[in-house]
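Here are the chains, one letter per residue:
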Amino acid sequence: MDPNCSTFSVQLYIYDLSRGMARQLSPIMLGKQLDGIWHTSVVVYGEEFFFGGVGISSCTPGGTMLGPPDSVVELGDTEVTEEIFMDYLSSLGETTYRGERYRLFEHNCNTFTNEVAQFLTGRNIPSYITDLPSEVLSTPFGQVLRPILDSIHIAPPGGNIINSQNNHQS
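What you are looking at is a predicted structure, and each value in this text was computed from that prediction instead of being measured.

Colleague: Can you lay out the overall build of the protein for me, pointing to particular residues and giving the numbers?
Modeller: From N to C terminus, the protein includes six helices and six strands. Ordering the α and β elements of the protein from the N terminus gives β-α-β-β-β-β-α-α-α-α-α-β. Counting over 170 residues, the protein shows a buried share of 42%. Intrachain contacts of the protein at a sequence separation of at least 6 include 71% that bridge at least 24 residues. Of the roughly 8,700 Å² that the protein leaves accessible, carbon and sulfur atoms contribute 53%.

Colleague: Report on the environment of Ala 117, specifying residues and quantitative values.
Modeller: Looking at the element boundaries, Ala 117 is found in helix H3 (residues 109-121). Assessed through its relative accessible area of 0%, Ala 117 is described here as buried. Each C-alpha atom, one on Ala 117 and one on Val 43, is 9.8 Å from the other, the two residues being 74 residues apart in sequence. Excluding its chain neighbours within four sequence positions, the residues that come into contact with Ala 117 are Leu 75, Gly 122, Arg 123 and Ile 125.

Colleague: Explain a nonpolar patch on the surface to me, and be specific about the residues and the numbers.
Modeller: There is a patch of nonpolar side chains on the surface, built from Met 21, Leu 25, Ile 28, Met 29, Phe 141 and Val 144 and spanning about 560 Å² of accessible area. Considering each element in turn, the nonpolar patch owes the most residues, four residues, to helix H1 (residues 21-29).

Colleague: Could you give an account of the packing of aromatic side chains, with specific residues and numbers?
Modeller: With the rule as written, the count across this model stands at 11 aromatic pairs. With a centroid separation of 4.9 Å and 80 degrees between ring planes, the pair formed by Phe 51 and Tyr 97 is classed as edge-to-face. Residue Phe 51 is located in strand E3 (residues 47-52), and its partner Tyr 97 is located in the loop between helix H2 (82-94) and H3; the two are separated by 46 residues in the primary sequence. Of the two residues, Phe 51 and Tyr 97, both sit in the buried class.

Colleague: Describe in detail H2, supporting the description with residues and values.
Modeller: For H2, which comprises 13 residues, the first-to-last C-alpha distance of 18 Å matches the rise-based estimate of 18 Å (1.5 Å per residue) to within 8%. Of the residues making up H2, those classed as buried are Phe 85, Tyr 88, Leu 89, Leu 92 and Gly 93. Within H2, the buried residues cover an arc of 135 degrees as seen down the axis, which keeps them to one side. For H2, the exposed residues set more than 90 degrees away from the buried face come down to Glu 83 and Asp 87.

Colleague: Lay out the nonpolar core with the relevant residues and their values.
Modeller: Core analysis: the biggest nonpolar cluster contains 32 residues, and Phe 85, Leu 89, Phe 112, Val 116 and Leu 120 have the highest contact counts within it. Mapped by element, the contributors of at least two residues to this core are strand E1 (8-16), strand E2 (38-44), E3, H2, H3 and helix H5 (132-137). What Val 116 contacts, discounting residues up to four positions off in sequence, is Val 42, Phe 85, Tyr 88, Leu 89 and Leu 92.

Colleague: Would you mind going over the environment of His 107 in detail, with residue names and values included?
Modeller: Its place among the elements puts His 107 in the loop between H2 and H3. Non-local contacts of His 107, meaning those with residues more than four positions away in its chain, are made with Phe 51, Thr 96, Tyr 97, Arg 101 and Tyr 102. A polar contact is formed between the side chain of His 107 and the backbone oxygen of Thr 96, at a distance of 2.6 Å.

Colleague: I'd like a description of the pairing of E1, backed by residues and values.
Modeller: Consecutive residues of a regular strand have side chains that alternate between opposite faces of the sheet. Most of E1 sits inside the fold, with seven of its nine residues counted as buried. As paired elements, E1 and strand E5 (residues 71-78) share seven bridges and run antiparallel to each other. Residue Val 10 lies in a different strand from E5, and its bridge partner there is Gly 76. As paired elements, E1 and E2 share six bridges and run antiparallel to each other. By the bridge assignment for E2, Tyr 15 is matched with His 39.

Colleague: Break down the pattern of salt bridges for me, with residues and values.
Modeller: Throughout the structure, instances matching the rule amount to two salt bridges. Glu 100 is the salt-bridge partner of Arg 98, the closest N and O atoms lying 2.5 Å from each other.

Here is what the cut-offs are and how they apply
- Residues numbered from 1 in each chain as written.
- Predicted model: local features only at pLDDT ≥ 70, side-chain atom pairs only at ≥ 80, totals over all residues.
- Heavy atoms only, no water.
- Helix = DSSP H or I, 4+ residues; strand = E, 2+ residues; numbered from the N terminus.
- Buried < 20%, exposed > 50% of the residue type's maximum accessible area, 1.4 Å probe, protein only.
- Contact = heavy atoms within 4.5 Å.
- Areas by Shrake-Rupley, 256 points an atom, 1.4 Å probe, with all protein chains shown as cover.
- Patch = residues over 30% accessible without salt bridge, like charges linked within 9 Å, V, L, I, M, F, W, Y side chains within 5 Å.
- Salt bridge = Lys/Arg side-chain N within 4 Å of Asp/Glu carboxyl O.
- Phe/Tyr/Trp six-rings, centres within 6.5 Å; stacked < 30°, edge-to-face > 60°.
- Expected span 1.5 Å × (residues − 1).
- Arc of directions from axis to C-beta.
- Core = buried A, V, L, I, M, F, W, Y, C linked by side-chain atoms within 4.5 Å.
- Polar contact = N/O pair within 3.5 Å; in protein donor to acceptor, adjacent residues only side chain to side chain.
- Pairing = 2+ DSSP bridges.

The structure is reproduced here in structure tokens:
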């Protein structure tokens with residue numbers, strides 16, 4: 001490694017949107033145990049980055065209304081500079097991760113963090129997170145709930161929208 005090159009720690013913040021209710025209710029409702037309904041974000045360069053119904057947003061780590069994460073996974077280090085990363089996010093925000101492209105089951109915060117984690121570290125986020133939508137949809141109750149759940153856009157308040165024409169606080 002080049003001694004003049006800086007490295008930056010990359011973390012995955014994991015939040016249970018159900019606040020423990022998934023663990024209690026999933027066996028009854030879905031016929032299988034789910035440990036949580038996961039929202040994830042990537043923390044790097046002293047900021048937390050996530051994707052939701054308004055597009056890509058950032059905040060100070062733990063700065064959304066979700067508060068501190070339920071768990072943190074160390075994804076490794078990156079040599080990608082903050083400038084290159086912000087250009088990358090800007091490009092994603094104009095194309096793949098515009099707010100209107102958010103889909104709870106197919107194109108969500110976890111899809112975003114997985115892609116960003118691969119870009120920064122070459123690693124994926126844990127499969128128990130990325131596999132959750134297919135686990136839910138593989139149940140009869142998940143299929144019944146799908147039309148309702150498809151209309152939900154999760155965007156935790158408290159972040160700054162990246163690459164928004166209005167660039168305002170959400």
